[in-house]
Amino acid sequence: MDLVEIDSADDPRLGDYVALRDVQLRTSLESEHGLFLAEGEKVIRRAVGAGYPVRSFLMAPRWVETLADVLDAAGDVTCYVAPEQLVETVTGFHVHRGALASLHRTPLPSLDAVISGARRVIVLEDLVDHTNVGAAFRCAAGLGWDAVLLSPRCADPLYRRAVKVSMGSVFSVPYTRVEDWYHGPDTLRAAGIDVWALTPADDAADLSDVTPPERLALLVGTEGEGLTQRWMRSADRRVRIPMQGGVDSLNVAAATAVACYALR
Ligand SMILES: C[S@@+](CC[C@H](N)C(=O)[O-])C[C@H]1O[C@@H](n2cnc3c(N)ncnc32)[C@H](O)[C@@H]1O
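Residues numbered from 1 in each chain as written. Predicted model: local features only at pLDDT ≥ 70, side-chain atom pairs only at ≥ 80, totals over all residues. Heavy atoms only, no water.

In the nomenclature of an unreviewed UniProt entry, the protein chain corresponds to RNA methyltransferase from the organism Phytoactinopolyspora halotolerans.

Put into structure tokens, the structure is as follows:
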């Protein structure tokens, strides 16, 4: 591992780390280079431990010793070391605990590989908010669900904010994107998995009155509109968390947590 001290925020070697608040710029930069960022000691440890190849590290001097074992494990990569203030100037915000890693994305597994043997699967349709995606992965990991499936347009679980909110669960919970979204419900059923829609609709069954099947895929809808008619109609069952106080629905991450607990 190579330690390189940095004294200018304009150093071109820090290209992976610029403008972390700019979602649009980050999204195109990350897909163009096939990279993603991990932030903070725990999350960096989990990403490297999960086997993602490291492109480089960027951290304040005090983290070099704490993360020495991770830097060694990462092999022949460069660790850029800079004062916290300079890291902040490059990234455009206060970096959580002064340490970042840039890692290579790896190909997603096949749908068959992800659902094979899975008993509890969360299916996220078109979530746009990275915080909600990260929280759903954290629910899956913390409440013992086996896998997460994403619609083609669902927000990226490896986007920095999702990674951070998930506390690194995106590295441990198996997931993939369902490319043939239209036939997704049929594919899941053919694999022996019941498909249930989580919806606040009044005529859905109360979550506390149902007995979950042996194998279950729980469909969760996008923040504004909820589930598409296609997935709603093709679900084997629709379940709801009853609402009161004039509130029509929960935030999607909160609803996922309640349902994952009730149906675990
Ligand atoms: C903010 S809600 C969308 C609200 C939208 N008006 C609807 O009718 O679905 C986003 C997702 O969270 C889940 N959700 C939120 N509140 C819920 C509730 N009370 N019961 C069941 N699911 C809920 C559903 O999966 C929903 O698609």
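Engineer: So what exactly am I meant to see when it comes to the overall build of the protein chain here?
Structural biologist: When helices and strands are tallied, the protein chain shows eleven helices and twelve strands. Rg of the C-alpha trace for the protein chain: 20 Å, near the compact-globule value of 18 Å for 264 residues, within the 12% margin. When the backbone C-alpha atoms are referred to their principal axes, the protein chain occupies close to 60 × 40 × 30 Å. Considering only intrachain contacts with a sequence separation of at least 6, the fraction spanning at least 24 residues in the protein chain is 75%. Carbon and sulfur atoms make up 49% of the accessible area of the protein chain, which amounts to about 12,300 Å² in all. (Helix = DSSP H or I, 4+ residues; strand = E, 2+ residues; numbered from the N terminus. Rg over C-alpha atoms; globule rule 2.2 N^0.38 Å. Contact = heavy atoms within 4.5 Å. Areas by Shrake-Rupley, 256 points an atom, 1.4 Å probe, with all protein chains shown as cover.)

Engineer: Could you clarify how one ought to interpret the site of the ligand in this entry?
Structural biologist: Residues in contact with the ligand amount to 18 residues; listed here are only the nearest, Leu198, Gly221, Glu223, Ile241 and Leu250. In this structure, Ile241 approaches the ligand through a main-chain N or O atom, which is 2.8 Å from a nitrogen atom. Within the backbone of Leu250, an N or O atom sits 2.9 Å from a nitrogen atom of the ligand. For the ligand, whose free accessible area comes to 560 Å², the fraction covered by protein is 86%. Structurally, the ligand is housed in the largest pocket. Residues of the shell around the ligand, tallied by class, amount to nine nonpolar, six polar and three charged. (Near = heavy atom within 4 Å. Polar contact = N/O pair within 3.5 Å; in protein donor to acceptor, adjacent residues only side chain to side chain. 1 Å grid on protein atoms, 1.4 Å probe; cavity = no way out; pocket = protein on both sides within 12 Å on 5 of 7 lines; lining within 4 Å. Sits in = over half its atoms within 2 Å of the grid points. Nonpolar A, V, L, I, M, F, W, Y, C, P; charged D, E, K, R; others polar.)

Engineer: Is there a simple way to think about the environment of Leu149 in this case?
Structural biologist: With respect to the helices, strands and loops of the structure, Leu149 is situated in strand E7 (residues 147-150). On the accessibility criterion, Leu149 (1% relative accessible area) is buried. For the pair Leu149 and Thr176, spaced 27 residues apart in sequence, the C-alpha separation works out to 5.4 Å. (Buried < 20%, exposed > 50% of the residue type's maximum accessible area, 1.4 Å probe, protein only.)

Engineer: Sorry if this is basic, but what is going on with the layout of surface pockets here?
Structural biologist: Where empty space is left in the structure can be found by rolling a water-sized probe over the atoms. Put simply, the largest pocket is a space of about 400 Å³. Along the wall of the largest pocket there are 21 residues; nearest its centre are Leu198, Pro200, Gly226, Ser249 and Leu250. Every element with two or more residues in the lining of the largest pocket is listed here: strand E12 (237-240) and helix H11 (252-262). Looking at the lining of the largest pocket residue by residue, the classes come out as eleven nonpolar, seven polar and three charged. Taken as a whole, the second largest pocket encloses approximately 290 Å³ of empty space. Together, 19 residues line the second largest pocket, and Tyr52, Thr106, Leu108, Leu158 and Tyr175 are the ones closest to its centre. Here the lining of the second largest pocket is composed, by residue class, of 13 nonpolar, three polar and three charged. (Points joined across faces, edges and corners; volume = space filled by probe spheres on them.)

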